[in-house]
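Listed below are the residues making up each chain.
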Amino acid sequence: MGRNEQLTTYVDAEVAREIERRAEAEDVSASTYIAQVLDQHIHGEAVEEQAREHRAEQRIQELVAEARDEVSEATEGLEDLVAKSGVYSIAVWELVKDEYDDPRRQHALDVGTERLREDMDALDGDIESARAQNGTSSEVTDSAAAESDDRDWDFE
């Protein structure tokens, strides 16, 4: 690519002498020396920008890996807890089913299913949205606990 654009710039006498000295040392004109220095500077900035982007991508990958590890640690033992919860639910059901007739047991299952659907619909798959609509997470928990206490569970 040929040099076909002219730029005019002004520098103080000391800088001009230094440019002339360096150009002479490299056996090129001052104009060629300045063009080379500018090319190197512009290329260096582009390389540095790419390096910054690469470092940012690496940092993002590190953060993703850290988050994955934290989620893994946070959910460690969750399968055990869910399994125990299922076992306890089945055990309670086995104990209770002999004390209530079919219509009452069916009613309890229907109410449980309805409550679960209501809770899932309230979340609508977006916990952050639910928090924004219903207050902080502790307020949501307190509200849910109060609502749970008010529900009708008369099996007699």
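Residues numbered from 1 in each chain as written. Predicted model: local features only at pLDDT ≥ 70, side-chain atom pairs only at ≥ 80, totals over all residues. Heavy atoms only, no water.

1. Looking at the overall build of the protein chain
Tallying secondary structure elements over the protein chain gives six helices and zero strands in all. For the protein chain, the succession of helices and strands along the chain, N to C, is α-α-α-α-α-α. Across the 156 residues that make up the protein chain, the buried fraction comes to 6%. Counting only contacts in the protein chain whose residues sit at least 6 apart along the sequence, the fraction spanning at least 24 positions is 40%. Carbon and sulfur atoms form 52% of the exposed surface of the protein chain, whose accessible area is close to 13700 Å². (Helix = DSSP H or I, 4+ residues; strand = E, 2+ residues; numbered from the N terminus. Buried < 20%, exposed > 50% of the residue type's maximum accessible area, 1.4 Å probe, protein only. Contact = heavy atoms within 4.5 Å. Areas by Shrake-Rupley, 256 points an atom, 1.4 Å probe, with all protein chains shown as cover.)

2. Some points on the packing of helix α1 (residues 13-25) against helix α2 (residues 30-75)
Direction vectors running N to C along α1 and α2 enclose 95°, while the axes themselves pass 9 Å from each other. One way to sum up the angle between α1 and α2 is to call them roughly perpendicular. Residue-level inspection shows Ile-19, Glu-20, Arg-22 and Ala-23 of α1 in contact with α2, the latter providing Ala-30, Tyr-33 and Ile-34. Residues belonging to the contact of α1 with α2 are distributed by class as follows: five nonpolar, no polar and two charged. (Axes fitted to C-alpha atoms, helices over the stretch in contact; angles between N-to-C directions. Parallel < 35°, antiparallel > 145°, perpendicular 65-115°, else oblique. Nonpolar A, V, L, I, M, F, W, Y, C, P; charged D, E, K, R; others polar.)

3. Points about the pattern of salt bridges
A full pass over the atoms with the stated rule returns eight salt bridges. Note that Arg-21 and Glu-18 form a salt bridge whose closest N and O atoms lie 2.5 Å from each other. Separated by three residues within a single helix, Arg-21 and Glu-18 lie in helix α1, roughly one turn from each other. The class for Arg-21 is partly exposed, based on a relative accessible area of 48%. Its relative accessible area of 28% is what places Glu-18 among the partly exposed residues. Between Asp-102 and Arg-105 there is a salt bridge, with the nearest N and O atoms lying 2.0 Å from each other. Here Arg-105 and Asp-102 lie together in helix α4 (residues 102-123), a separation of three residues that amounts to about one turn. Within the structure, one salt-bridge network assembled from shared partners comprises Glu-48, Glu-49, Arg-52 and Arg-55. (Salt bridge = Lys/Arg side-chain N within 4 Å of Asp/Glu carboxyl O.)

Remember, this is a structural readout, not a statement about activity or role.
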